[in-house]
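So you can see what is in the structure, the chains are spelled out below.
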Amino acid sequence: MAQKANTHPNKITFRTLFVKGDLPTKLSFFLMGTANLCNKQIPKGLIFLLSELLFFFWLIRNGVTALAMLQTLGTKKQGLMFDEKLGIEVLQKGDNSMLILLFGIAAILTCALMIYLYVINLKSARKLYVLKQENKPIPTTLDDLKSLLNERFHATLMTIPLLGVLLFTILPLLYMISIAFTNYDHNHLPPKQLFTWVAFKILVM
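Residues numbered from 1 in each chain as written. Predicted model: local features only at pLDDT ≥ 70, side-chain atom pairs only at ≥ 80, totals over all residues. Heavy atoms only, no water.

Student: Hey, could you go over the environment of Leu17 for me, with residue numbers and the actual values?
Tutor: You can see Leu17 is positioned in helix H2 (residues 14-20). Each C-alpha atom, one on Leu17 and one on Lys123, is 9.8 Å from the other, the two residues being 106 residues apart in sequence. When sequence neighbours within four positions are dropped, the list of residues in contact with Leu17 reads Ile12, Thr25, Phe29, Leu122, Ala125, Arg126 and Tyr129. (Helix = DSSP H or I, 4+ residues; strand = E, 2+ residues; numbered from the N terminus. Contact = heavy atoms within 4.5 Å.)

This is the structure:
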């Protein structure tokens, strides 16, 4: 009984898992889904791996910029600028503080979701490690699908509503709360004017 308690998934820390795990288990700390792929859980492993690849592609392409611009909420103002080629003033597009704030908050939520998915990946690798240590059969894709339709059916039903709450409730709520810490008013209306962070200055005044 004591041996089973020691090998229970929740009793094994991720540090111990990395030290004692096999190569696929160790690789799961860097390439999500590796343990699943090597144990013939192909769909689950591909979901983890593709999620990681798409996240880093987004992070390099848009995420870093969105997070960086969140600090200033834009620096380039919209206005007229003389074009030497045309010989006239043309409208120069500037940054939009409202969109920068929205995309920045969305980027933070995306990173938080990725961290959550990464932890799920490690828990999955830990579960596979324990099953192999106890010489128990590895669940197949069909077994996972049956689980989602039976004992874990509540998680299946809650997935879409939770995503809806995240996109249509939490994101707008965080956006409106964040605006309260800026100098957004009728004198700072994007895209013609920018607004910036003022922290608690407005509340103090």
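Student: Outline a nonpolar patch on the surface, listing residues and values.
Tutor: Residues Ile42, Leu46, Leu50, Leu53 and Leu54 make up a contiguous nonpolar surface patch of about 470 Å² in total accessible area. For Leu46, the location among the structural elements is in helix H5 (residues 42-69). A relative accessible area of 39% places Leu46 in the partly exposed class. (Patch = residues over 30% accessible without salt bridge, like charges linked within 9 Å, V, L, I, M, F, W, Y side chains within 5 Å. Areas by Shrake-Rupley, 256 points an atom, 1.4 Å probe, with all protein chains shown as cover. Salt bridge = Lys/Arg side-chain N within 4 Å of Asp/Glu carboxyl O. Buried < 20%, exposed > 50% of the residue type's maximum accessible area, 1.4 Å probe, protein only.)

Student: So what about the side chain of Ser28? Which residues, and what values?
Tutor: Residue position: Ser28 is located in the loop between helix H3 (23-27) and helix H4 (34-38). Leaving out residues up to four positions away in the same chain, Ser28 has contacts with Thr34, Ala35, Tyr118, Asn121, Leu122 and Ala125.

Student: Go over the confidence of the model for the protein, please, and point to the residues and values.
Tutor: Considering every residue of the protein, the mean pLDDT works out to 84; 84% of them sit at 70 or more. Confidence drops under pLDDT 50 across residues 1-6; counting only partners more than four residues distant or on other chains, this segment forms four contacts. (pLDDT = per-residue confidence, 0-100.)

Student: Go over the pattern of salt bridges with me, naming the residues and quoting the values.
Tutor: The full count for this structure, using the stated rule, is two salt bridges. Among the ionic pairs, Lys136 bridges to Glu134, the shortest N-O distance being 3.1 Å. Note on Glu134: relative accessible area 26%, which makes it partly exposed.

Student: How would you sum up unusual backbone geometry? Please name residues and give values.
Tutor: Located in the positive-phi region is Lys40, a residue other than glycine, with phi close to 65 degrees. Topologically, Lys40 is positioned in the loop between H4 and H5. Here Lys40 falls in the exposed class, since its relative accessible area comes to 71%.

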